[in-house]
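Okay, here's what each chain looks like letter by letter:
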Amino acid sequence: MAHEDRLLYEQLADRGVTRRHFLKFCGSVAAMLGLSEAMVPTIAAAVEKAVALKLTPAVWLDGGLCTGCTESTAQSTYPDVAQIVLDILSMNYMETLMYATGESAEAALKETVAKYKGKFIMIYEGAVMTGWDGNALRIAGKPSLEQIMEVAPNAAAILAVGSCAVDGGWVKAYPNPAKAMGIGEYLKSQNVATPVINLPTCPVNPEWIVTMVVDVLLLGKLESGAILKDLDQFGRPKIIFGQTVHDNCPRRGHFENGEFVQQFGSAEEAKNYCLYAMGCKGPQTYTNCPTVRWNNQVSWCVESGSPCIGCGDFDWVDENAPFLDRFRHIGIGQYTETGGYNPAKVAALAGGVVAGALVVHGVGMYAAGRIGEGPPTEEMKDYDRKRAKKGGDS
Amino acid sequence: MATNIVIDPVTRIEGHLRVECEVENGVIKDAWVSGTLFRGMEMVLKGRAPSDAFYVAQRICGVCPISHGHAATMAAEQALEVTIPNGARIVRNIIEAAQYLHSHILWFYTLAALDYIDPGKALEANIANTYALAQQAGTTTSDFKAVQDKLKGLVAGGQLSIFTNGWFNHPAYSQTMPPELALIGVAHYLEALELQAEAARVIAIMGGKFPHFMTSLPGGTAWVPTEEKLDDILFRLIRVRDFVYNTMIPDTLAIAPFYTEALKYGGGHGNFLAWGVFNRESLQMKDRYLPEGAVFAGSLKAEEADPAKIKEYVKRSWFDAGDGGLNPAQGMTNPEFTKYDINGQYSWAKAPRYDGKPMEAGPLSRMLVAYLKGVEPVKKIVDVALAKLGATGKPEVLVSLLGRIAARNLETAVVADWALEWVTELTNALKGGDVKLFEPSTASSGDGAGMWEAPRGALGHWMNVSSGRIANYQICTPSTWNIGGRDDAGVTGVIEQALIGAPCIDTEKPMEAARIVRSFDP
């Protein structure tokens, strides 16, 4: 039997992956997809069946990046990064990890695109750098925009990993010196229709990449089109970005009790009180960080004592800074069910920063405002002020 | 006849880099190193709150965000005149140490090892002999058969994934290295992926996540240590230390004898700079565990390092001429792309000089300075390594490709021990009662600098604060010291000079050049 006609499990066995490892992997996938352990055999069967052909070819392109999303992916545990790049995908191009270099590396990319046209997955990390006609980032002696256009139109789907890939991230923050943008926006401007799945946060959480690799690729949801139904209007998987950090925060009880940290290093901080008064952006940030957590689930930002800075938000640096200040007028429950976005942000995305600034809620800080007085802030929200006294009961 | 060769992209590094070399008769005669990405962090930070620099500036590098975070926060603390409590100092030392362990393990195995170990050779290894060799080398064993089967499966499947188009059977690989050592190397390459992640989990426990952490805010730390968490951290760090001593160091010593010719090239200008890292209670730059210092070629003396002696040049980079010749405390960033021209402008990196000289930054600089200043654990471990290399009392042999690699791996061992010491120090402080962790600041104007060391070398952040906002921000990264190109006088940069004189047996596949570039962990 030709290698490519064999089941995934048999191929994995060839690579020294035991049945037990495989089921452990399926178990962690079930947990990430919010399914019960009872679903593990079903997932295992579906994965084996869906990938009867061969390992899915993938290429990982580096844009204007810090390499943090590759680093983050290397922190994945079940499966670990070796399993991702050797047992599940065939990662034929990935600058930070690949054996080949220079022309040999570029040849691997070209061969993959030619051989697997319409069938490979493109993962994009970093911002698209359009400054100086794309010379803000040069790869292989050319503006990197050329590499994007050689690869993206031929991919089956694109995973935009990390906030820079999604919308330019910090690189696009005011004054956006190198004219950075997200891969989705760039491809739209070039009339490339390849579907883009957005996985924001800075860096991306590897658990989300794994979830998408299985959900999208192995379970065949891309071919059936089912995956598009699972995305919100910003191209983000609802299963990951459907609820706020605040919704699932373990410190939520202290918020309800009006028990707030007012100073780092205080007795209240030691009691894990709510960080809302310290500028926490959990109420307006849509990610499942509190449940999935980070680095093999050992912790996450709020658990470590820092307020959430909303790195999974669109325009997160301009929208959310100063990070340790609270915004005036930001209302919990002010967000819509469907997209989880208030009108200010929707307008900012749709009509640019000026429109965003005109919307009443005042959250949509416009870029020019930041360098003057900055966004409107307050020492303490009225709601907190009334209840702050209860916080200091030590 | 001379030919020009190009490596673009240089893979297995952080970020984007292009290297061009002129090769004649199998030797590199000249070299041009080009940083090919400009993002503009310094411009983005202007106008923001000083505390935001901690959160944003660390995102300049996803491999060493801890060091950038610490440099940014120290710059803010100096500008706003706040002194952090002792508890916060120890917490920061542990987080920084965990990043060093993570970064050095990741560099040696994941990024560099494939330049010295031909993974294809591992297929020829005899399993029983592999175990015997591991025992002889004093390194740990793995399930060598499973690893070899995994490799065989990759080859049989015809999908080589990240090994696609690799330089298998390259003549620059040691022709005498037994295939069993290659198999040990591949096995530990896979094992190291778990160990680098374990070190990063220590950062995540104390800083929320890695990469990009949350807690070392100006004034101290937002993390609250508990005995339970310190126990968790301690045992993870012990596991990492065991790997460093029982696997990484023996592996280094087992592979090095096959590449002793790399002691003869790759050294470069021979000037070294370190700002020092890991604070003692005084918090003074002159009083660090790994000390500051500047060492100039031909001298075995560490002079005091003075940030005022830095000037950055831009004649050969894509910046406005007005940005040139300035100290970062008054530095400016005005990008202006022209075209890629090795005879003109060819890089997004400025060319920093110290007292007019190109200086190497990195573990080799730190180890040399510490050795020359007599730092005990460094002196001890470097002397052992020098004896193994047959160069007792001659630290100057470290100024080479192999020396640079050895310095990084030896530093890993020193830091692994210190990390355990600091956890004990913090645990004792906790048992003794109150550990103060944060000191708020009320100042709203001032100038500050955070001089520090990332795993890959000397790092500086400069911040001017006016009315509570950042008026100017400048960063000089270790990679700028190393990848920076020619200065206004035409003197080559650090990696450029390290390449010159190195062999290049296959101009289609310039393995030796790639090794030298990667040895800087740019």
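Thresholds, definitions, all that
- Residues numbered from 1 in each chain as written.
- Chains lettered and ligands numbered in written order.
- Predicted model: local features only at pLDDT ≥ 70, side-chain atom pairs only at ≥ 80, totals over all residues.
- Helix = DSSP H or I, 4+ residues; strand = E, 2+ residues; numbered from the N terminus.
- Buried ≥ 20, exposed ≤ 12 C-beta atoms within 10 Å, placed from the backbone.
- Contact = placed C-beta atoms within 7 Å.
- Rg over C-alpha atoms; globule rule 2.2 N^0.38 Å.
- Core = buried A, V, L, I, M, F, W, Y, C linked by C-beta atoms within 7 Å.
- Domains from an automatic or database assignment.
- Pairing = 2+ DSSP bridges.
- Axes fitted to C-alpha atoms, helices over the stretch in contact; angles between N-to-C directions.
- Nonpolar A, V, L, I, M, F, W, Y, C, P; charged D, E, K, R; others polar.
- pLDDT = per-residue confidence, 0-100.
- Parallel < 35°, antiparallel > 145°, perpendicular 65-115°, else oblique.
- Arc of directions from axis to C-beta.

Q: How should the overall build of chain A be read in this particular structure?
A: Each helix and strand in chain A was counted, giving 20 helices and 11 strands. The burial tally for chain A puts 58% of its 394 residues in the buried class. Looking at chain A alone, contacts between residues at least 24 apart form 69% of all its contacts between residues at least 6 apart.

Q: When you look at the overall build of chain B in this model, what are you seeing that I'm missing?
A: A count of helices and strands for chain B gives 14 helices and 12 strands. Here the C-alpha atoms of chain B give a radius of gyration of 23 Å, agreeing with the 24 Å that 2.2 N^0.38 yields for 522 residues. Taking the principal axes of its C-alpha atoms as reference, chain B extends roughly 65 × 60 × 50 Å. Across the 522 residues that make up chain B, the buried fraction comes to 63%. Considering only residue pairs separated by 6 or more positions, chain B has 74% of its internal contacts joining residues 24 or more positions apart.

Q: How do you make sense of the nonpolar core when you look at a structure like this?
A: Grouped burial of nonpolar side chains is what soluble globular proteins tend to show. Ranked by size, the top nonpolar core spans 289 residues in total, and within it M122(A), A160(A), I94(B) and A513(B) carry the most contacts. Counting residues per element, this core draws most heavily on helix α7 (residues 179-207) of chain B, which supplies 18 residues. Lining this core are residues from two domains, each supplying at least three of them: domain 2 (55-241) and domain 3 (246-392) of chain A. Once residues lying within four places of it in the same chain are set aside, the contact partners of M122(A) are V59(A), L61(A), V151(A), A152(A), A155(A) and I158(A).

Q: Would you mind going over the sheet that holds strand β3 (residues 27-35) of chain B with me for this structure?
A: By way of backbone hydrogen bonds, the strands of a sheet pair with one another, either parallel or antiparallel. All names here are of chain B. Pairing is antiparallel in the open sheet, where 3 strands are placed in the order β1-β2-β3. Edge positions in the open sheet fall to β1 (3-7) and β3, since each of these has one partner strand only. Recorded for the sheet is a direction-independent mean angle of 20° between the axes of neighbouring strands. Across 8 bridges, strand β2 (residues 17-24) lies against β3 in antiparallel orientation.

Q: Sorry, what's going on with the pairing of strand β10 (residues 446-454) of chain B here?
A: A regular strand places its side chains on the two faces of the sheet in alternate fashion. All names here are of chain B. Within β10, 7 of the 9 residues are buried, which leaves it mostly tucked inside the rest of the structure. Where β10 lies against strand β11 (residues 457-466), 9 bridges are found, and the strand directions are antiparallel. Note on β11: the bridge partner recorded for E453 is A458. Between β10 and β11, which pair antiparallel one after the other, the connecting turn spans 2 residues.

Q: Sorry, what's going on with the interface of chain B and chain A here?
A: A common measure of how large an interface is: the accessible area buried when the components associate. With 81 residues of chain B at the interface, the matching set in chain A holds 79 residues. Breaking the side of chain B that touches chain A down by element, the ones donating at least two residues are β1, α1 (41-45), α2 (50-57), α6 (144-157) and α7 of chain B. By residue number, the principal contributor to the side of chain B that touches chain A is α7(B), which donates 11 residues. Partitioned by chemical class, the residues of the side of chain B that touches chain A number 43 nonpolar, 24 polar and 14 charged.

Q: Quick question: what am I supposed to make of the environment of V113(A) here?
A: All names here are of chain A. Topologically, V113 is positioned in helix α6 (residues 102-115). Taking the C-alpha atoms as reference, V113 lies 9.8 Å from N92; in sequence the two are 21 residues apart. Residue contacts for V113: discarding those within four places in its chain leaves E150, V151 and N154.

Q: Help me understand the sheet that holds β10(B) in this model?
A: Residue and element names in this part refer to chain B. Ordered by their spatial adjacency, 3 strands build an open sheet running β10-β11-β12, and the pairing between neighbours is antiparallel. Whereas interior strands pair on both sides, the edge strands pair on one side only; in this sheet they are β10 and β12 (469-476). Each neighbouring strand pair of the sheet contributes to a mean axis angle of 15°, computed without reference to strand direction. Where helix α3 (residues 65-79) meets the sheet, it contacts β10 and β11, and its direction lies at approximately 155° from that of β10.

Q: How should I be thinking about unusual backbone geometry in this particular structure?
A: For residues other than glycine, phi is negative in most cases, and the peptide bonds are mostly trans. Geometrically, the link from A321(A) to P322(A) is a cis peptide bond, its omega value of -5° lying close to zero. Mapped onto the secondary structure, P322(A) falls in the loop between α17 (316-320) and β10 (326-327). Here D8(B) and P9(B) are connected by a cis peptide whose omega angle stands at 5°. Take P9(B): it is sitting in the loop between β1 and β2. Despite not being glycine, N191(A) has its phi angle at roughly 55°, a positive value. Residue position: N191(A) is located in the loop between α9 (183-189) and β9 (196-199). The backbone phi angle of L283(B) is positive, close to 65°, even though this residue is not glycine. Turning to its location among the elements, L283(B) is positioned in the loop between β5 (277-279) and β6 (288-290).

Q: For this particular structure, what's the right way to read the confidence of the model for chain B?
A: Atomic detail in the predicted coordinates should be set aside for any region of low pLDDT. Across chain B, the average pLDDT comes to 97, with 100% of residues at 70 or higher. The ipTM, which scores confidence in the relative placement of chains, is 0.97 for this predicted complex, and the corresponding pTM is 0.90.

Q: Where do I start with the packing of helix α9 (residues 363-372) of chain B against helix α11 (residues 401-431) of chain B in this structure?
A: The relative placement of two packed helices is expressed as an angle between their axes plus a distance between the axes. Residues and elements named next belong to chain B. Put simply, α9 and α11 touch, their axes get as near as 8 Å, and they point 75° apart. By the criterion of interaxial angle, the relationship of α9 to α11 is roughly perpendicular. Within the contact between the two elements, α9 uses P363, L364, R366 and M367 and α11 uses G403, R404, A407, R408, L410 and E411. Along the lines of polarity and charge, the residues of the contact of α9 with α11 split into 5 nonpolar, 1 polar and 4 charged.

Q: I tried to follow helix α7 (residues 144-151) of chain A on my own but got confused; where do I start?
A: The periodicity of an α-helix, 3.6 residues per turn, causes residues three or four places apart in sequence to face the same way. Within α7(A), burial applies to S144(A), L145(A), Q147(A), I148(A) and V151(A). Down the axis, α7(A) shows its buried residues gathered within 155° of arc, on one side only.

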